[in-house]
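Chain by chain, the residues:
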Amino acid sequence: MKNLLIITTNYSGCECGEPYCNCIQNTGVYLEEFAVPYLVFQKSDVKTVVASPAGGLSPVDENSMSCSNPEEWDDCIKVLRETKKLSEINPDEFDGVYFPGGHGPMFDLAENQEVAELVSRFYTEGKLVSAVCHGPAGLINAKTPEGESIFKGRRVTCFTNEEEGIVKLKELVPFLLETRIRELGGNFIAEKPWAEHVEVDGNLITGQNQNSALLIAEKILEFFK
């Protein structure tokens, strides 16, 4: 039995109330990126705990909700309503961490020191560090014991600048995740937009977009074997 910590966002979008403000007014966790892996883990010998910096509600991006979504995803939405508070989690109890995406992590997980310290610790101890789409935003401040980015010299992917441009949010995000990872020394590898694509480099596993959710779940299970 392996124990996996899933860390999700608490950010739901700008609440300034201005109808024409230059910001993202609806975001959160992209449901497919949480639900698909979560259900895979539920059917395996991987035990999961879902946490967020503030605990409680991890909002679901409305753009990821559709009547065509599988009915079993509804139970996953309920799980996201009652996440545990990250500060109450004991890292020693877990064998790895997974970050689903959605634009939410770009706004809260990216700058959260508690998240950075946990990821740094997991990485250094050889535990699994995994994320998909915008989930790698939660890894950008994690460092090796030498003080270098955990991305430096490692094969990695995420939601690409090209994909960000296609969804017309390039000017609204606080930074471009692909650009930041490259600046941190990551060996960034991109496939065509919306391709199923996962990079595995030791204990660091990253996926490009929502279509990579099933594949990254499978790679996580392989890592734990």
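Higher on the page you've got the structure.
Residues numbered from 1 in each chain as written. Predicted model: local features only at pLDDT ≥ 70, side-chain atom pairs only at ≥ 80, totals over all residues. Heavy atoms only, no water.

So, about helix 2 (residues 73-80). Among the residues of helix 2, those classed as buried are W73, C76, I77 and L80. An end-on view of helix 2 places all buried positions within 105 degrees of arc, on one side of the element. For helix 2, the secondary structure elements touched by its buried residues are helix 1 (31-42) and strand 2 (46-52). (Buried < 20%, exposed > 50% of the residue type's maximum accessible area, 1.4 Å probe, protein only. Helix = DSSP H or I, 4+ residues; strand = E, 2+ residues; numbered from the N terminus. Arc of directions from axis to C-beta. Contact = heavy atoms within 4.5 Å.)

This paragraph deals with the nonpolar core. Ranked by size, the top nonpolar core spans 35 residues in total, and within it L5, F99, V129 and L139 carry the most contacts. At the level of secondary structure, the elements contributing two or more residues to this core comprise strand 1 (2-7), strand 2, strand 4 (96-99), helix 4 (113-124), strand 5 (128-132) and helix 6 (177-183). A total of five residues in this core trace back to one element, the largest contributor, which is helix 4. Apart from the residues within four sequence positions on either side, L139 is in contact with F99, V119, V129, A131, I150, F151 and L204. (Core = buried A, V, L, I, M, F, W, Y, C linked by side-chain atoms within 4.5 Å.)

Moving on, we come to the packing of helix 1 against helix 2. Following both chains from N to C, one finds helix 1 and helix 2 inclined at 105 degrees, their axes separated by 10 Å at the closest point. Relative to helix 2, the element helix 1 lies roughly perpendicular. Between helix 1 and helix 2, the contacting residues are L31, E32, F34, A35, V36, Y38 and L39 on the first element and W73, C76, I77, V79 and L80 on the second. For the contact of helix 1 with helix 2, a count of residues per class yields 11 nonpolar, no polar and one charged. (Axes fitted to C-alpha atoms, helices over the stretch in contact; angles between N-to-C directions. Parallel < 35°, antiparallel > 145°, perpendicular 65-115°, else oblique. Nonpolar A, V, L, I, M, F, W, Y, C, P; charged D, E, K, R; others polar.)

Tracing the backbone through its elements, the reader meets N10 in the loop between strand 1 and helix 1. For the pair formed by N10 and S58, sequence separation is 48 residues and the distance between their alpha carbons is 4.7 Å. Contact partners of N10, with chain neighbours within four places excluded, come to S52, P53, A54, G55, L57, P59 and D108. Of the polar contacts made by the side chain of N10, one reaches the side chain of S52; its length is 3.0 Å. (Polar contact = N/O pair within 3.5 Å; in protein donor to acceptor, adjacent residues only side chain to side chain.)

Residues three or four positions apart in an α-helix share a direction because the helix packs 3.6 residues into each turn. Under the 1.5 Å per step criterion, the end-to-end length of helix 1 is 16 Å for 12 residues, consistent within 8% with the ideal 16 Å. Looking only at helix 1, the buried set comprises L31, E33, F34, A35, V36, P37, Y38, L39, V40 and F41. In the core, the buried residues of helix 1 are packed alongside strand 1, strand 2, helix 2, strand 4, strand 5 and helix 7 (213-224). (Expected span 1.5 Å × (residues − 1).)

Note that every value here comes from positions in space, so none of it alone points to a role or purpose.
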